[in-house]
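Working through the structure, step by step
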Amino acid sequence: MGKFLRMALPPVALGLLAVGHYIGLAVAPPDREMGDVQRIMYAHVPAVWIAMVALTINFVCSVLYLFKPSWKTDSLAEASAEVGLMFGTVGVLVGAIWGRPTWG
């Protein structure tokens, strides 16, 4: 079961992420106030939330490593830092794309 999850879960997750982005960016109707620009929020908000969760995990694991050094907490902190950086960058870029037509 463990090998199956390790091999099957990443493609399933990427597929669901692609389907969700397609639905949010192409299928969702435009907003009455902002029009098509509002659809970007369906990609921006989840990216920023994932970044916040990943960086919170990074902080907790880093503090735990200070009190009790362990390779597990160190590797989890490193991995969550990479994920947080990636999704934080996506969130900032997509937020800038949304902010330009919205705020001028």
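What comes next is a walk through the structure. (Residues numbered from 1 in each chain as written. Predicted model: local features only at pLDDT ≥ 70, side-chain atom pairs only at ≥ 80, totals over all residues. Heavy atoms only, no water.)

**Some remarks on the packing of aromatic side chains**
- A full pass over the atoms with the stated rule returns one aromatic pair.
- Arranged with centres 5.1 Å apart and planes meeting at 75 degrees, the rings of Trp-98 and Trp-103 form a pair that is edge-to-face.
- With a relative accessible area of 14%, Trp-98 lands in the buried category.
- Given the relative accessible area of 70%, Trp-103 is considered exposed. (Phe/Tyr/Trp six-rings, centres within 6.5 Å; stacked < 30°, edge-to-face > 60°. Buried < 20%, exposed > 50% of the residue type's maximum accessible area, 1.4 Å probe, protein only.)

**Some thoughts on a nonpolar patch on the surface**
- Together, Val-45, Trp-49, Met-52, Val-53, Ile-57 and Leu-76 make up an exposed nonpolar region whose accessible area comes to about 550 Å².
- Take the nonpolar patch: its biggest share by element is five residues, from helix H2 (residues 41-67).
- Structurally, Ile-57 is set in helix H2. (Patch = residues over 30% accessible without salt bridge, like charges linked within 9 Å, V, L, I, M, F, W, Y side chains within 5 Å. Areas by Shrake-Rupley, 256 points an atom, 1.4 Å probe, with all protein chains shown as cover. Salt bridge = Lys/Arg side-chain N within 4 Å of Asp/Glu carboxyl O. Helix = DSSP H or I, 4+ residues; strand = E, 2+ residues; numbered from the N terminus.)

**Examining the pattern of salt bridges**
- This structure, assessed with the given rule, holds two salt bridges.
- Here Arg-39 ties to Asp-36 by a salt bridge, and the two come within 3.5 Å at their closest N and O atoms.
- Judged by relative accessible area, Arg-39 falls into the buried class, the value being 15%.

**Comments concerning the side chain of Ser-80**
- Relative to the assigned elements, Ser-80 resides in helix H3 (residues 71-103).
- There is a polar contact of 3.3 Å between the side chain of Ser-80 and the backbone nitrogen of Asn-58.
- Aside from chain neighbours lying at most four places away, what touches Ser-80 is Ala-54, Ile-57 and Asn-58. (Polar contact = N/O pair within 3.5 Å; in protein donor to acceptor, adjacent residues only side chain to side chain. Contact = heavy atoms within 4.5 Å.)

**Observations regarding the environment of Ala-8**
- Note that Ala-8 resides in helix H1 (residues 2-27).
- Considered as a pair, Ala-8 and Pro-30 are 22 residues apart in the sequence and their alpha carbons are 35 Å apart.

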